[in-house]
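Inside the fold
So the chains spell out like this:
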Amino acid sequence: MSVTAPAGFRAAGATAGLKASGRPDVALVVNDGPLDAAAAVYTSNRCKAHPVLWSERASADGHVRAVVLNSGGANCFTGPEGFRTTHATAELVGELTGAGAADVVVCSTGLIGVAFSREKLLEGVRAAHAALAVGGGSDAATAIMTTDTVSKQAVAAGAGFTVGGMAKGAGMLAPGLATMLVVLTTDAVAEPADLDRALRAATRTTFDRVDSDGCTSTNDTVVLMASGASGARPESADLDAAVQRVCAELARMLVADAEGAEHDIAVEVVGAADEAEAVEVGRAVARSNLFKAAVFGRDPNWGRVLAAVGTTSARFDPQELDVSINGVPVCVAGAPGADPAGVDLAPREVRVRVDLHAGPHAATVWTNDLTHAYVHENSAYST
């Protein structure tokens, strides 16, 4: 049941006519309480969409009663009317749910710079409110899809409490504190500070390490709401672990659904002097178009991995670098190792391991291969 698996939440999806396809395009998730604690993280892109600018302020006090989301338009760089649309949406949700507009997070996704009908959106919000149900999580997850081929939902059970979540995203996946649109819910009793800690710890090692194409969206939002309906107040470690599990599962779904991808690639960096350097190296390899194209062509060209590693500021001796691809040690101590012909790149999942031999730290960044289908999807996206 996605975001409605935890007690105290209702959700719905509706069709407002924002998408030319006529598919569902408005989702609403409502926290019925008794608590309304929340935390959120947003894109670090300086070019932020109107919903992000609104929601940053709405969630700043750690209290959110509802999240309303639309696909079919990003409402970004749409001028003063675009902000008025966001404001009107929050006001309507507040009116319908009995919350204040300032307790409503607004999210939008779709094309940048294209205005859409405010009237249609508001009618969609009314329809979604009328359809709110405890079993409405899947409908909400479907309504936020854009180029996604499948809806993305996850649930984790804790000791007396539950965490649920839904996400959308299939391209423009790169970190900026958070990535894509993600709504997380829990029926745990928790304070805003507890949620903020759990959310930031989870996004740092999950969504923040999904790097499909190096492009950071203007609309990225991840919000976590707590209803307290279970009555259970978990230990910090238990809450953090449950939120982490849901975020990790959703992040992997995002990678698996990346536009046109044929391979999911885990770049594991070990032996780093510190975690930040491990992430830097992993991201450099994940963003190498040469390497990603090689994986698509089933070519285990480990030289492209080393070339990417060498662009970073991480500490290492080039003559001590090891690289393995799908378990085959193709480079050992900066020199050819096993025959690359022994690497099987037919499976969907590819694992690249880089050992810097510079310290005890490690990190994994997930990406995908660069395919003809990805180029086609993004060359024709607005037409």
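Predicted model only: the values in this text are computed from it and were never measured. (Residues numbered from 1 in each chain as written. Predicted model: local features only at pLDDT ≥ 70, side-chain atom pairs only at ≥ 80, totals over all residues. Heavy atoms only, no water.)

Moving on to the overall build of the chain. Within the chain, the regular secondary structure consists of 10 helices and 15 strands. A globule of 383 residues ought to have a C-alpha radius of gyration of about 21 Å, and the chain, at 21 Å, matches this closely. Across the chain, every contact between residues at least 6 apart in sequence was considered, and the portion connecting residues at least 24 apart equals 80%. Carbon and sulfur atoms provide 53% of the accessible area of the chain, an area that totals close to 14300 Å². Distance between charge centres in the chain, computed from 29 positive and 44 negative side chains, equals 4 Å. (Helix = DSSP H or I, 4+ residues; strand = E, 2+ residues; numbered from the N terminus. Rg over C-alpha atoms; globule rule 2.2 N^0.38 Å. Contact = heavy atoms within 4.5 Å. Areas by Shrake-Rupley, 256 points an atom, 1.4 Å probe, with all protein chains shown as cover. Lys, Arg positive; Asp, Glu negative; His and termini not counted. Charge placed at Lys NZ, Arg CZ, Asp CG, Glu CD.)

Bringing helix 5 (residues 192–205) into the picture now. The end-to-end C-alpha distance of helix 5, which contains 14 residues, comes to 20 Å, matching closely the 20 Å that a straight helix rising 1.5 Å per residue would cover. Those residues of helix 5 that fall on the buried side of the exposure criterion are L195, A198, L199, A202 and T203. Taken end-on, helix 5 shows its buried residues confined to a sector of 120°, consistent with a single buried face. Where helix 5 is buried, its residues meet strand 3 (37–42), strand 8 (181–186), strand 9 (221–226) and helix 6 (236–256). (Expected span 1.5 Å × (residues − 1). Buried < 20%, exposed > 50% of the residue type's maximum accessible area, 1.4 Å probe, protein only. Arc of directions from axis to C-beta.)

What follows is about the nonpolar core. The biggest cluster of nonpolar side chains holds 34 residues, and the ones touching the most others in it are L184, L195, F207, L239, V243 and L250. Among the secondary structure elements, those contributing two or more residues to this core are strand 3, strand 6 (152–157), strand 7 (162–168), strand 8, helix 5, strand 9 and helix 6. Of the residues forming this core, the biggest block, nine residues, is contributed by helix 6. When sequence neighbours within four positions are dropped, the list of residues in contact with L195 reads A37, A38, A39, T186, A190, L224, A226 and L239. Grouped together as the second largest cluster of nonpolar side chains are 29 residues, V305, V352, V354 and A363 included. (Core = buried A, V, L, I, M, F, W, Y, C linked by side-chain atoms within 4.5 Å.)

One pass over the full model with this rule turns up one aromatic pair. Consider the rings of W54 and F83, whose centres lie 6.3 Å apart with planes at 55°: the pair is tilted. Note that W54 is positioned in helix 1 (residues 50–58) and F83 in helix 2 (residues 79–97), a separation of 29 residues in sequence. In this structure W54 comes out as buried when scored by relative accessible area, which is 11%. With a relative accessible area of 25%, F83 lands in the partly exposed category. Over the face of the ring belonging to W366 we find R252, whose NZ or CZ atom lies 3.8 Å from the ring centre. (Phe/Tyr/Trp six-rings, centres within 6.5 Å; stacked < 30°, edge-to-face > 60°. Lys NZ or Arg CZ within 6 Å of the ring centre and 35° of its normal.)

On to the pattern of salt bridges, then. Scanning the model with the defined rule gives 24 salt bridges in all. Linking D264 and R252 is a salt bridge whose minimum nitrogen-to-oxygen distance equals 3.9 Å. Linking D264 in strand 10 (residues 264–272) with R252 in helix 6, this pair joins segments that are 12 residues apart in sequence. In this structure D264 comes out as buried when scored by relative accessible area, which is 4%. Residue class for R252 comes out partly exposed when judged on its relative accessible area of 25%. Here the salt bridges do not stand alone but share partners, grouping R252, D264, R348, E349 and R351 into one network. (Salt bridge = Lys/Arg side-chain N within 4 Å of Asp/Glu carboxyl O.)

So, on to the side chain of S288. In this structure, S288 sits in the loop between helix 7 (275–286) and helix 8 (289–296). Among residues more than four places away in sequence, those in contact with S288 are R304 and A308.

Okay, the sheet that holds strand 13 (residues 335–336) next. With mixed pairing, the six strands of this open sheet are ordered in space as 13-12-11-14-10-15. Every interior strand has two partners, whereas the edge strands, strand 13 and strand 15 (361–368), have only one. Pairing of strand 10 with strand 14 (residues 349–355) involves seven bridges; the strand directions are parallel. Paired with D264 across the strands is E349, a residue of strand 14. (Pairing = 2+ DSSP bridges.)

This part covers unusual backbone geometry. Following G33, the chain continues to P34 via a peptide bond in cis, the omega torsion being 20°. Positionally, P34 belongs in the loop between strand 2 (26–31) and strand 3. Unusually for a residue other than glycine, F77 sits at a positive phi of about 55°. When you line up the elements, F77 lands in the loop between strand 4 (66–71) and helix 2. The class of F77 is exposed, set by a relative accessible area of 56%.

Let's shift gears to the packing of helix 5 against helix 6. Where helix 5 meets helix 6, the axes come as close as 9 Å, and the angle between the chain directions of the two elements is 40°. By the angle between their axes, helix 5 is oblique relative to helix 6. For the crossing formed where helix 5 meets helix 6, the hand is right-handed. Counted together, D194, L195, R197, A198, L199, A201, A202 and T205 of helix 5 and S236, L239, D240, V243, Q244 and C247 of helix 6 form the full contact between these two elements. For the contact of helix 5 with helix 6, the residue count by class is eight nonpolar, three polar and three charged. (Axes fitted to C-alpha atoms, helices over the stretch in contact; angles between N-to-C directions. Parallel < 35°, antiparallel > 145°, perpendicular 65-115°, else oblique. Left-handed = near helix turned anticlockwise from the far one by under 90°. Nonpolar A, V, L, I, M, F, W, Y, C, P; charged D, E, K, R; others polar.)

Attention shifts here to the sheet that holds strand 2. If you trace the four strands from one edge of the open sheet to the other, you get 1-2-4-5, paired in mixed fashion. Edge strands, defined here as strands with exactly one partner in the open sheet, are strand 1 (9–14) and strand 5 (104–109). Shown here is a sheet whose adjacent strand axes are inclined to one another by a mean of 10°, direction ignored. Together, strand 2, strand 4 and strand 5 form the strand contacts of helix 2, whose direction differs from that of strand 5 by roughly 135°.

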